[in-house]
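Now for the letters of each chain:
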Amino acid sequence: MGAAQPDNLGGLWEEMAILCTSCGVCVTPCAFLRREGTPAEICRRQPPADQLDKAYDCSLCGQCDALCPEGLRPSALFLAMRQALVRRGGLDTKAYAGWLRYERLGSHPLFRRHLIPPGCTSVFFPGCSLPGSRPEGVRDLYHRLRQQDASIGLVLDCCGKISHDLGREEYFTALFNRLANSLLARGVRRVLTACPGCSKIFRHADSPFEVKSAYEVLAAGAGESTIRETAPTVAIHDPCPARFDAAQQQAVRTLVSQAGWRIEELPESGRTTRCCGQGGMVEGKRPGTVSSEAHLIAAQAQGRPLVTSCAACAHALEQAGPVAHVADLMAGGTDFSPKAPPSAVRWLNRLGLRLRRRL
C-alpha cells in the first residue's frame, strides 16, 4: 500500500515524444507550456536528465490532460520528472521549506486528532487548510454529516499531498501509510473529504479506502432549492484536484444553490478549470504565480464573487477579488470580504480543534 513506484519516466518521455502532435491546445492557457513549448517539443529537445527541474514550473493541475485531444496525460510526465529529480538527489528544498514545514507540523501529534468512536467505519477528513482558516466551518460540516450518520468520526491529520506533488515519494509513502494504517486498524473504510486535494491523494492507485467528498454526501441529503430571480449571483471556481470529479463539482453547486445563491459559470470550469496558482508549489520557483493566476480567474468572474470548495484556493483568490468557501455559504454567510487569518492564528485554530473537548 502506497509503496514508491519504479522510475517510469523513460516510458512516459518516449510516449509523449511520439504521440503528442504539438497541436498547441494545451499550450494556450498554460504559462509553463507557453515558455517551454508543447510536451512533444520538451521531450524531443534534450535528454530527460537535462530537463528534470523544469517540471517544478508545472502546477500539475491537469488542465493539459483534460484538453489533450489524444488523451495523453502530460501532468503524469511532469510528476515523474519531479520524482526522478528527487531520486537523483537534485531537488533543492530551500525554496519549498515553508510548505514542508507546514506538512511536518500538520502531521505532528500536537495537531493530529483521530476521533473514531467504536463501530465507526466512516470519518470526516477536513484536511489542513480548512481547519486553520475556518474551524467553525469544520465543526458545522461535521455536525451536518453526523445528522445523516451519527457514527461518523473526525480525523484531523495531513495526507502528505505536498511531498507527493514535490516528488518526494519515500517521505509521502511513509506519511500516508502511517495515516492509512492507523485508520484501518480502527476499522475505518470510508473517508469523507472536505479538501479536493485530499480526495485526490486518498484515491491514489492502491488506496484501501472508499473516498467521497463530504459535499457530495451533504448534497444528497439536501432538500429542493428554489432560487429567486432576485437572488445574488456567484461564480464557482472548481479546484484543479477535482477537475475530473463531476460528482463533487455538482454537489458544490447544489449546496450553493440550496444556500440561496444563483450560479453563473466561469469560461474555464469543471474539467477545464484553471489552477488558482497554488498547484505544485510553483510559487517556490516562480514567485508571482499565485497572484497572476488569481487575477486571471477574478477577471473571468467579471466582478461576481467567487465560491470554491478548497480553502487553499480561497486564500489564493482573495487577493484578487471577493471569494467565499462553500462552507461559509452553507452556514448562512454573506460576507465575501474577510481574509484568511495570519499564519499564527491558523495554527492556533488547528490546535483549538485538536484540544476542544466537544466538537
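For the structure itself, consult the block above.
Caption draft 1: Structural detail: helix H5 (residues 74-87). Here H5 contains 14 residues, and its C-alpha end-to-end distance of 20 Å stays within 8% of the 20 Å for a straight helix at 1.5 Å per residue. Among the 14 residues of H5, 12 are classified as buried, and the element is accordingly described as predominantly covered. Buried within H5 we find Pro-74, Ser-75, Ala-76, Leu-77, Phe-78, Leu-79, Ala-80, Met-81, Arg-82, Gln-83, Ala-84 and Leu-85. At its buried positions, H5 is contacted by helix H1 (9-19), helix H2 (31-36), helix H3 (39-45), helix H4 (63-67), helix H9 (161-166) and helix H10 (169-185). Phi for Gly-89, located one or two positions after H5, is positive at around 75 degrees.

Caption draft 2: Looking closely at the packing of aromatic side chains. Taken as a whole, this structure holds 10 aromatic pairs when the rule is applied. Geometrically, the ring pair formed by Tyr-56 and Tyr-96 is tilted, given 5.9 Å between the ring centres and 40 degrees between the ring planes. Of the two residues, Tyr-56 is situated in the loop between H3 and H4 and Tyr-96 in the loop between H5 and helix H6 (97-106); the sequence distance between them amounts to 40 residues. By the burial criterion, Tyr-56 is buried, and Tyr-96 matches it. Aromatic rings pair up to connect Phe-125, Phe-172, Phe-176, Phe-202 and Phe-209 into one cluster. Between Arg-168 and the ring centre of Tyr-171, over which it is positioned, the NZ or CZ distance is 4.5 Å. The side chain of Arg-350 reaches across the aromatic face of Tyr-102, ending 5.4 Å from its centre.

Caption draft 3: Up close: the sheet that holds strand E9 (residues 323-325). Reading across from one edge, E7-E6-E8-E9 is the order of the four strands in this open sheet, with parallel pairing throughout. Each edge of the open sheet is held by one strand with a lone partner, namely strand E7 (262-263) and E9. Both strand E6 (residues 233-237) and strand E8 (residues 306-308) contribute to a ladder of three bridges, which runs parallel. Bridging from a neighbouring strand, His-237 pairs with Thr-308 of E8. Strands E6, E7 and E8 of the sheet are contacted by helix H13 (residues 246-258), whose axis makes an angle of about 160 degrees with E6.

Caption draft 4: Representation of the packing of H1 against H5 in the model. It is the contact of H1 with H5, at a shortest axis distance of 9 Å, that shows an interaxial angle of 140 degrees. Here H1 runs over H5; the crossing is left-handed. Every residue of H5 that contacts H1 at Leu-9, Leu-12, Trp-13 and Met-16 is listed here: Pro-74, Ala-76, Leu-77, Ala-80, Met-81 and Ala-84. In terms of residue class, the contact of H1 with H5 is built from 10 nonpolar, no polar and no charged.

Rules behind the numbers
- Residues numbered from 1 in each chain as written.
- Predicted model: local features only at pLDDT ≥ 70, side-chain atom pairs only at ≥ 80, totals over all residues.
- Heavy atoms only, no water.
- Helix = DSSP H or I, 4+ residues; strand = E, 2+ residues; numbered from the N terminus.
- Expected span 1.5 Å × (residues − 1).
- Buried < 20%, exposed > 50% of the residue type's maximum accessible area, 1.4 Å probe, protein only.
- Contact = heavy atoms within 4.5 Å.
- Phe/Tyr/Trp six-rings, centres within 6.5 Å; stacked < 30°, edge-to-face > 60°.
- Lys NZ or Arg CZ within 6 Å of the ring centre and 35° of its normal.
- Pairing = 2+ DSSP bridges.
- Axes fitted to C-alpha atoms, helices over the stretch in contact; angles between N-to-C directions.
- Left-handed = near helix turned anticlockwise from the far one by under 90°.
- Nonpolar A, V, L, I, M, F, W, Y, C, P; charged D, E, K, R; others polar.

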